[in-house]
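Below are the chains, spelled out letter by letter.
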Amino acid sequence: MDIGGINPVILVASLMVAAVPIMLAALGELVVEKSGVLNLGVEGMMIVGAICGFIAAVASGSPVVGFLAGALGGATLSLVFAFVTQVLLANQVATGLALTLFGLGLSSLMGQGYNGIKPPVTAKVPFGPLTDIPILGPIIFGHDWMVYASIALVALVWWVLRSTRLGLIVRAVGESHEAAHALGYKVNRIRLGCIAFGGAMAGLGGAYVSLVRVPQWVDGITAGAGWIALAIVVFASWRPWRVLIGAYLFGGITVLQLNLQAAGSGIPVEYLSMSPYLVTIVVLVIMSSGRGRSSLNAPASLGQNFHAAR
Amino acid sequence: MLRRTLMTTAAAAGIALSLGGGAMAAGPMDNVKACFVYVGPIGDGGWTYQHHQGALDVKEAFGDKVEIQWQESVPEGADAERVLTQMALGGCNIIFTTSFGYMDATNAVAAKFPNVMFEHATGFKRDSANVSTYNARFYEGRAIEGLIAGRMTKSNKIGYIGSFPIPEVVMGINSYFHHARQVNPDVELTVVWAYTWFDPAKEADAAKAMIEQGVDVIASHTDSTAPLAEAAKSNGAVIGFGQASDMAEYKPSPRVTSIIDNWGPYYVKRVGALLEGTYEQVDAWEGIAGGEVLIGEITDAVPADVKAEAEAMRDAIAAGTYHPFTGPINKQDGSPWLAEGETAPDGDLLGMGFYIEGITGDIPQ
């Protein structure tokens, strides 16, 4: 059942793992952008989450503590962004970029002395005999719990945004902060909460890189994953389930191109490397053609600061 | 990038402090400012880490007479030129550019600052008199890795994570495969190009992809310890090698031995020559014999007879009695490259753009 020397079952199973960090980070950023805030500091929050999670997991010996600490680290860093943009009303783009630079430096400082240490192993969920089912076993039942948690979080965010009062408020703040304010909602406070959630998710994604995907700490470990997460949010046109598809696509192509090489395929690697970005452009063109900007689904107040003047 | 910005500020401050004191090309000097440009972070645990150890050796050897400055994670390309210009303006007397991709930037900036000495690692261009190149014969270490890989593999599939298809890497692949084939005629080589020097997640994925294809010995030419971390997940079924640095934390398995880049002696020698006024342009290429390439401890995961064989090869290379590329060796297409007993001329190695016979796949162009 190998196709071109590649076992598709193993390929799917490994792309699900490869996609987790960018999926978590993109999901957090989606909520942030839905509330009308553009936080370009995803990369910085991810890497701070990666080192916080790593330090906590090594110190406690428990990956669960590590993931919690990663989320906490990312959220804490995002509060710096929230303070500067929501209280001091600084430019969001510039602040977000600065946050990435700050996060990279901070993580490098925190990571001193943690090179070459092995973190505790994140166990696979014991499904027992289910794992031995052909095809479905490795794909569905062969992962660590973070893979399932990431999918559950996609469903949760989708449900909250679509069907709950909280989701409606977040969307209202993102679409028209003036209107939300007139209705009595505390715009900046709601945005602050969303930013912290986005930071926690990015931190969780970062912790997955340093605890599961690479299991070690080296400087710059996320290597641009945060930027891909930002691209996925646009690719997904701010819809949670499309974030999942986007993350699997990006993760899948990365894994596939390496697998194709290992299998000795003749397709030049350059074409595969550029394909996710080509797909993004194609999707954006298709979605934005004809039906105007509304079809792109971008929150109307995205990137605009709000100050309650009245 | 934050670090880069900070360093820019530092360099600008350096201009003010140096008061335009240009470097002397000849004659003894009282003080030398030695600067280092790194392609990755010092904390990569591999390539850049080792260069930085060399830089620290310089500081230790000369104390107050030498000031060292460095900049991490400098992208190869236009940014490198800017960084080098700032360093040269900032009073650096000698600048070490520690990645192949800095070649053109180094030569371009060197032409503008004839009084600043430039030392480019792993390159071959010396356009002006103040550019020297230095390299290490890593392929000698690859030979020993290849021998161990050929003896140790159970699936007869060995792997190599390439960074970029440049002669330096192709040389390593050929040496690795040649020596694996010599001891195990059934061995097959899988090469995966990562197109990066440093991206731990991608390096880990590359290792994972190979392991899924049945590869059980992985050599890597990228800078981080991620491939070893991935191999470590296999509970001893897959082995690998420390690359650039000893990577001793993965002993005794998956890391069964390592190639250690030992730049310290060269850096100390060159900065010392500048202080004494005996500095000259060179094209340095030392290997195991010169102490620039060290072979890390071969662990007990390797059977004693294989270990003895590997150590014998290491000693033969060190003594100069064995050259890793000794004929007969054919090129991939079957055409002869080296005749029986002939050893590869350095020129062939430095411009190596072909696989040897037995390797499948093409080098990306």
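Owing to the predicted nature of the structure, the values given are computational and were not obtained by experimental measurement. (Residues numbered from 1 in each chain as written. Chains lettered and ligands numbered in written order. Predicted model: local features only at pLDDT ≥ 70, side-chain atom pairs only at ≥ 80, totals over all residues. Heavy atoms only, no water.)

Trainee: How should I be thinking about the nonpolar core in this particular structure?
Mentor: Within the largest apolar cluster, 100 residues are counted, with the highest numbers of intra-cluster contacts made by Ile-95, Ile-148, Phe-325 and Trp-337 of chain B. For this core, the two domains that each supply at least three residues are domain 1 (2-136) and domain 2 (138-260 + 293-350) of chain B. In contact with Trp-337 of chain B, other than residues within four places in its own chain, are Phe-325, Ile-329, Asn-330, Lys-331, Glu-342, Ala-344, Asp-348, Leu-349, Met-352, Phe-354 and Ile-356 of chain B. Core analysis: the next-biggest nonpolar cluster, separate from the first, contains 88 residues, Val-20, Ala-26, Ala-57 and Tyr-248 of chain A among them. (Core = buried A, V, L, I, M, F, W, Y, C linked by side-chain atoms within 4.5 Å. Buried < 20%, exposed > 50% of the residue type's maximum accessible area, 1.4 Å probe, protein only. Domains from an automatic or database assignment. Contact = heavy atoms within 4.5 Å.)

Trainee: What should I look at first to understand the domain arrangement of chain B in this one?
Mentor: Residue and element names in this part refer to chain B. Partitioning chain B into domains gives domain 1 (2-136) and domain 2 (138-260 + 293-350). Look at where the C-alpha atoms of domain 1 and domain 2 centre, and you get two points 31 Å apart. With 14 residues of domain 1 in contact, the opposing surface of domain 2 contributes 14 residues. When domain 1 packs against domain 2, close to 1200 Å² is buried across both sides, 64% of that on carbon and sulfur atoms. For the domain 1 face of the interface with domain 2, the top three residues by lost area are Asp-44, Trp-47 and Ala-136, together amounting to 36%. The interface formed by domain 1 and domain 2 includes zero salt bridges. In this assembly, domain 1 and domain 2 are joined by four residue pairs in polar contact (both at pLDDT 80 or more). Mapped by element, the contributors of at least two residues to the side of domain 1 that touches domain 2 are helix H2 (47-62) and strand S5 (131-136). Of all the elements, H2 adds the most residues to the side of domain 1 that touches domain 2, at three residues. A breakdown of the residues in the side of domain 1 that touches domain 2 according to their chemical character gives six nonpolar, six polar and two charged. (Buried area = accessible area lost by both parts, 1.4 Å probe. Salt bridge = Lys/Arg side-chain N within 4 Å of Asp/Glu carboxyl O. Polar contact = N/O pair within 3.5 Å; in protein donor to acceptor, adjacent residues only side chain to side chain. Helix = DSSP H or I, 4+ residues; strand = E, 2+ residues; numbered from the N terminus. Nonpolar A, V, L, I, M, F, W, Y, C, P; charged D, E, K, R; others polar.)

Trainee: Mind showing me how you'd approach a nonpolar patch on the surface here?
Mentor: Residue and element names in this part refer to chain A. A contiguous nonpolar patch, built from Ile-267, Tyr-271, Met-274, Leu-278, Ile-281 and Val-285 and spanning about 590 Å² of accessible area, is present on the exposed surface. For Tyr-271, the location among the structural elements is in helix H12 (residues 269-288). Since its relative accessible area comes to 52%, Tyr-271 is described here as exposed. (Patch = residues over 30% accessible without salt bridge, like charges linked within 9 Å, V, L, I, M, F, W, Y side chains within 5 Å. Areas by Shrake-Rupley, 256 points an atom, 1.4 Å probe, with all protein chains shown as cover.)

Trainee: Looking at this structure, how should I read the state of the cysteines?
Mentor: A covalent bond between the sulfur atoms of two cysteines is what we call a disulfide. Residues and elements named next belong to chain B. Inspection of every chain in the model, using the stated rule, returns one disulfide over all chains. In this model Cys-35 forms its disulfide with Cys-92; the gap between the sulfur atoms is 1.9 Å. Its S-S torsion of approximately -80° makes the covalent link between Cys-35 and Cys-92 left-handed. Linking Cys-35 in strand S1 (residues 32-37) with Cys-92 in the loop between helix H3 (78-89) and strand S3 (94-97), this pair joins segments that are 57 residues apart in sequence. Like Cys-92, Cys-35 is buried. (Disulfide = S-S within 2.5 Å.)

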